[in-house]
Amino acid sequence: MALIKEPEQFRETESFKKFWRYFHQDKVALGSFYLFGLLLTLVFFGSLLAPYNYNQQFVGLELMPPSWDDNGQISHFLGTDDLGRDILSRIMYGFYYTVGSALMITVLIAVIGGGIGILAGLKKGKSVWFISHLFDTFLFMPILLIAIIIATLMDASLMNAMLAIFLAMLPHFIHKIYHATEQQLKKEYIVTLRLDGATRWYLIKEVIIPNLTGVAMKALSHIFVIAVLDISALGFIMLGTQSPMPEWGIMIRESMDLIYVAPWTVILPGLAIIFSIFSITILGSRLTDIFEQYRNI
């Protein structure tokens, strides 16, 4: 009877503060958390911190090198592009367009895909079987390829690129949550809770969602990284953001002809992409590992 009276022993019930103390002991995780906090700060406030407007042109200062070069100026710390626009300002604005767009895609996939995946895992029938196998077909195609196919059917813009990436990655997340929910429902304590009169909403809120947190965190960190790359890739091949918006992919494309003359115009937006991916990947990896260790205490 202890199994019926104390089902919380199978669920995540510790407080957030206790988890944070455990998380705080991992220095790599803590450092990645602060790094990710810096990334989010640049996403929401980068345009306010930028020294100039992203499209402001400084006539006569075209292709100025970064400030550490002998010909550079501190007023344009990372130099200027071929139109005399400040690269630091454009990169800081780009956090909103590139990483901010990827963040919105990730949040929408978490909410919509998570809800569909859990509900599909709770239901049985031919319709769910058909949807499951339909989503399986998407898993054999690269996400970027699906996004390109969808994007070519629409006008090139940032919103349409976001929609294309969202539709390309949604089946993958639904598939993960669906199978994880099915595995949870097969466990003995779920059967016991059902026999004890637990409602479907109780199972979702108190058992399934807490036990899917680790799977969801790992999947969503991967989705976030892929979204950043795909937003940049679609901008680079002119199926996403259009000039003069300072999205990093379009910035790299516009400066490819200058790579031997002004390499900083290509390298610096690329480094911004690498920094974003690094921050997301490290935090997602450490969060997943610590969460699994924490549950097993």
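In what follows, the structure referred to is the one given above.
Numbers given to residues run from 1 along each chain, matching the order in which its sequence is written. Only residues with pLDDT of at least 70 get local features here, since the model is predicted, and only at 80 or more are side-chain atom pairs given and counted; chain-wide, interface and lining totals rely on the full set of residues. Based on all heavy atoms of the structure, the side-chain values leave hydrogens and waters out of the count.

Colleague: Before we move on, could you go through the environment of L48 and cite the residues and values that matter?
Modeller: Strands are runs of DSSP state E lasting at least two residues, helices are runs of H or I lasting at least four, and both sets are numbered from the N terminus onward. For L48, the position within the fold is in helix α3 (residues 27-49). Looking at L48, the relative accessible area reads 68%, which means it is exposed. For the pair formed by L48 and Y93, sequence separation is 45 residues and the distance between their alpha carbons is 8.6 Å. Only protein chains enter the accessibility calculation, which uses a 1.4 Å probe. A residue is then buried if its area is under 20% of the maximum for its type, exposed if over 50%, and partly exposed in between.

Colleague: Which residues make up the packing of aromatic side chains, and what are the values?
Modeller: Aromatic pairs are defined between Phe, Tyr and Trp rings, using the six-membered ring for Trp, whenever the two ring centres lie within 6.5 Å; interplanar angles under 30 degrees are classed as stacked, those over 60 as edge-to-face, and all others as tilted. Under the definition given, this model contains eight aromatic pairs. Ring centres of F33 and Y34 lie 5.8 Å apart, and the angle between their planes is 65 degrees; this geometry places the pair in the edge-to-face category. Residue classification places F33 among the partly exposed residues on the basis of a relative accessible area of 37%. The class for Y34 is exposed, based on a relative accessible area of 51%. For the pair W68 and F77, a centre-to-centre distance of 5.9 Å together with 80 degrees between the ring planes defines the contact as edge-to-face. The partly exposed category is assigned to F77, whose relative accessible area is 38%. Three or more aromatic residues joined by ring pairs make a cluster, and in this case those are F95, W248 and F275.

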